[in-house]
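Structural characterization, general
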Amino acid sequence: MLLGLGVALALVVVTGVGPVAALDRVGLGTATSYAVLGGSAVTNTGPSVINGDLGVAPGTAITGFPPGVVNGEVHAADAVAGVAQDDLTTAYNDAAGRATDVTITADLAGQSLTPGVYTGDALALNGQLTLDGGNEIDPVFIFQAASTLITGSSSSIVFINGADACDVYWQVGSSATIGTTTAFAGTVMALTSITATTGATVQGRLLARNGAVTLDTNTITVPACETGPVPTEPEPTIPEPTEPVPTEPEPTIPEPTEPVPTEPEPTIPEPTEPVPTEPVPTEPVPTEPEPTIPEPTEPVPTEPVPTEPEPTIPVPTEPVPTEPVPTEPVPTEPEPTIPVPTEPVPTEPVPTEPVPTEPEPTEPGPVNPVPTEPGPRGPQPSEPGPIDEQVRTWPVGGVQTGGGDGGGMNVTLLTTGLVAMAVGLGGLLITHRSGSRRSE
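Notes on the structure in this doc start here. (Residues numbered from 1 in each chain as written. Predicted model: local features only at pLDDT ≥ 70, side-chain atom pairs only at ≥ 80, totals over all residues. Heavy atoms only, no water.)

1. Brief notes about the overall build of the protein
Filter applied, for reference: By the criteria applied, helices consist of DSSP H or I runs no shorter than four residues and strands consist of E runs no shorter than two, each listed in order from the N terminus. Think of it in three bands: residues with accessible area under 20% of the maximum for their type are buried, residues over 50% are exposed, and the middle band is partly exposed, with areas taken using a 1.4 Å probe on protein chains only. Note on contacts: a residue pair is in contact if any heavy atoms of the two residues lie within 4.5 Å.
Broken down by element type, the protein carries three helices and 24 strands. Counting across all 440 residues of the protein, residues that qualify as buried make up 25%. By sequence separation, contacts in the protein at least 24 residues apart represent 55% of the contacts at least 6 residues apart.

2. Some remarks on unusual backbone geometry
Here the residue pair Phe 65 and Pro 66 is connected by a cis peptide bond, since its omega of -5° sits within 30 degrees of zero. Mapped onto the elements of the fold, Pro 66 is located in the loop between strand 5 (61-63) and strand 6 (69-70). Cis peptide bonds are those with omega within 30 degrees of zero, and the linkage from Pro 66 to Pro 67 qualifies with 10°. Mapped onto the fold, Pro 67 is located in the loop between strand 5 and strand 6. Positive phi is not limited to glycine here, since Ser 154 has a value of about 60°. Structurally, Ser 154 is set in the loop between strand 14 (149-151) and strand 15 (156-160).

3. Comments concerning helix 2 (residues 79-96)
Stated precisely, the cut-off is as follows: One fewer than the residue count of a helix, multiplied by 1.5 Å, yields its expected span. Here the arc refers to the set of directions running from the helix axis out to each C-beta atom.
In this model, helix 2 (18 residues) spans 26 Å end to end at C-alpha, consistent with the 26 Å of a helix rising 1.5 Å per residue. What helix 2 keeps buried is the set Ala 81, Ala 84, Gln 85, Leu 88, Ala 91, Tyr 92 and Ala 95. In a view along the axis of helix 2, the buried residues occupy a sector of 125°, so they form one face of it. For helix 2, the exposed residues lying more than 90 degrees away from the buried face are Ala 79, Asp 86 and Thr 90.

4. Concerning the nonpolar core
Heads up, the rule is: Grouping buried Ala, Val, Leu, Ile, Met, Phe, Trp, Tyr and Cys residues that are joined through side-chain atoms within 4.5 Å yields what is termed a nonpolar core.
Membership of the largest hydrophobic core comes to 41 residues, with the highest contact counts inside it found for Leu 129, Phe 143, Trp 170 and Leu 206. Broken down by element, the residue count for this core peaks at four residues, all from strand 18 (residues 183-190). Apart from residues lying up to four places away in sequence, Phe 143 is in contact with Ile 104, Leu 108, Leu 113, Tyr 118, Leu 123, Leu 129, Leu 131, Val 168, Tyr 169, Trp 170 and Gln 171. Listed in part, the 16 residues of the second largest apolar core include Val 26, Ala 31, Ile 142 and Leu 207.

5. Re the packing of aromatic side chains
Rules: Within 6.5 Å between ring centres, the rings of Phe, Tyr and Trp (the latter by its six-membered ring) count as paired, and their orientation is classed by plane angle as stacked under 30 degrees, edge-to-face over 60, tilted in between.
Across all of its chains, the model carries three aromatic pairs by this definition. The interplanar angle of 20° and the centroid separation of 5.4 Å between the aromatic rings of Tyr 118 and Phe 143 together place this pair among those described as stacked. Pair noted here: Tyr 118 is in strand 10 (residues 116-120) and Phe 143 is in strand 13 (residues 141-145), with a separation of 25 residues, a long-range link. Accessibility assignment for this pair places Tyr 118 and Phe 143 in one class, buried. When the centroid spacing of 4.2 Å and the interplanar angle of 10° are considered together, the rings of Phe 143 and Trp 170 count as stacked. One end of the pair, Phe 143, is in strand 13; the other, Trp 170, is in strand 16 (residues 168-172), with 27 residues separating them in the sequence. Here Phe 143 matches Trp 170 in class, with each residue buried.

6. Observations concerning the pattern of salt bridges
Note the following rule: Each reported salt bridge corresponds to a side-chain nitrogen of Lys or Arg within 4 Å of a carboxyl oxygen of Asp or Glu.
Overall, the coordinates contain three salt bridges when judged by the stated rule. Among the ionic pairs, Asp 167 bridges to Arg 25, the shortest N-O distance being 2.6 Å. Separated by 142 residues along the polypeptide, Asp 167 in the loop between strand 15 and strand 16 and Arg 25 in the loop between helix 1 (2-15) and strand 1 (34-38) bring together distant segments of the chain. What makes Arg 25 partly exposed here is its relative accessible area of 25%. Across the salt bridge formed by Arg 98 and Asp 94, the nearest N and O atoms sit 3.0 Å from each other.

7. Let's talk about the sheet that holds strand 11 (residues 123-125)
Put simply, the test is: Whether two strands pair comes down to DSSP finding at least two bridges between them. Angles here are taken between N-to-C directions and fall from 0 to 180 degrees, while the axes themselves are lines fitted to C-alpha atoms, restricted in helices to the stretch in contact.
Pairing within the open sheet is parallel, and its seven strands lie in the order 5-2-21-19-17-14-11. Looking at strand neighbours, the two that pair on one side only are strand 5 and strand 11, the edges of this open sheet. The average undirected angle you get between the axes of adjacent strands in this sheet is 10°. By the bridge criterion, two bridges tie strand 19 (residues 194-196) to strand 21 (residues 213-216) in an arrangement that is parallel.

8. Re the environment of Ala 185
Examined against the element boundaries, Ala 185 turns out to sit in strand 18. Of the residues examined, Ala 185 reaches a relative accessible area of 3% and is grouped as buried. Once residues within four sequence positions are removed from consideration, Ala 185 is found in contact with Ile 157, Phe 159, Ala 165, Val 168, Trp 170 and Gln 203.

9. Brief notes about the pairing of strand 2 (residues 41-45)
For a regular strand, side chains alternate in direction, first toward one face of the sheet and then toward the other. In the sheet, strand 2 pairs with strand 5 via three bridges, with the strands oriented parallel. In the sheet register, Ala 41 faces strand 5, and the bridge partner there is Ala 61. The pairing of strand 2 with strand 21 spans four bridges and is classified as parallel. The residue bridging Asn 44 from the neighbouring strand is Leu 215, located in strand 21.

10. A look at the side chain of Arg 205
The test is simple: Distance and chemistry together define a polar contact, namely a pair of N or O atoms within 3.5 Å, with one atom able to donate a hydrogen and the other to accept it when in protein, and with adjacent residues in sequence counting only for side-chain atoms on both sides.
Looking at where Arg 205 falls in the secondary structure, it is placed in strand 20 (residues 201-208). Polar contacts involving the side chain of Arg 205 include one to the side chain of Thr 187, which spans 2.8 Å. Apart from residues no more than four positions distant in its own chain, Arg 205 is found in contact with Leu 28, Ala 31, Thr 32, Tyr 34, Ala 35, Gly 186, Thr 187, Val 188, Val 222 and Pro 223.

11. What about the environment of Thr 181?
As for its placement among the helices and strands, Thr 181 is situated in the loop between strand 17 (176-178) and strand 18. Considered as a pair, Thr 181 and Ser 155 are 26 residues apart in the sequence and their alpha carbons are 7.6 Å apart. If near-sequence neighbours (up to four positions away) are discounted, Thr 181 is found in contact with Ser 154, Thr 198, Gly 199 and Ala 200.

12. A closer look at the side chain of Gln 144
By secondary structure assignment, the location of Gln 144 is in strand 13. Owing to a relative accessible area of 5%, Gln 144 belongs among the buried residues under this scheme. There is a polar contact of 2.8 Å between the side chain of Gln 144 and the backbone oxygen of Ala 95. Excluding its chain neighbours within four sequence positions, the residues that come into contact with Gln 144 are Ala 95, Ala 96, Gly 97, Arg 98, Thr 100, Val 117, Tyr 118, Thr 119, Gly 120, Leu 123 and Gln 171.

Laid out in structure tokens, this is it:
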């Protein structure tokens, strides 16, 4: 019995009898468009062809392109590659967390498996693996390898009954190696690194989270997958005709509305402070006067006009009374004068009648005498007459009568007259000084 039970279990594993319940796809997010995505670097040898995006993050190194060819976008350590790595981490954890349907302990070569979750410690493929979709809609195959995934040379994966590379996921706990000239299929999500040896082809993706992706003359193509159930066309339905029931609209009378008076709210203007403005100083612009050149002028000769002196008629002036300024007389010593003998000219005395004058009362006050010099008085002409009967008048105030030759007598009279005149002037001065002192 025990031997028969063991053989039956072995047949179940080998023939690939899978789970009945359908699985959900693993969401890759923005990593869906990447054919190759490395964690630390991407290196290539030979004329590899990448049909999809190529990226690396957080590493920066992408080498071997060319000769490699990328038919897509290249992102090296930028924000786009960073987001793709985040989405890869989410997809890796999703696949690793699915519940196991079948545990695999042998080589996958020669098996035909149906959709489900297959778990093993280290997965190996050294031949052909057949994946049977069982004609399901979007049949999903998830392979969980705790450590490694290694395929031998010239290994292959074949799809039947609706299975395709879009719904095959290989979650690898360390590293994956695709052997020489292997025709591999599905999305490989390795925690560490992925190596595709010479001539290997992949219909799917090579996505490494932390390590590098190494290529050597490979072709990696992102499969064109449908993302959802196949749409079905609904059967057409013919609606039954219905006759509309006519309805008459009821008249509506609008109710009058009285307008509600509204009082405008008073608005108080906000005080505004004047903004002081500073006068802008202006500097005067100096102006230089333009030099002017005087034009030469020729002098016009003028002939003097003879003028006849007009006779002047003396205008009588009334004396203006002035208040005398008291002055102290300076005593002067009379200089001796030597009389010059002159011959008397006979003149006839002109009788004059004295005009009585009334003195005007004057207030005593200081009088500044103005010295006056007596002007020369010329002898007045007289008619000649007998010498004995002629009376001669002398300019000095002496009167001589008589006739005849009296030369000595004439000198005596002249001297006497001069002395009398000097005495008279002295008395006049003394009298004037006495009066001035009494007025003071």
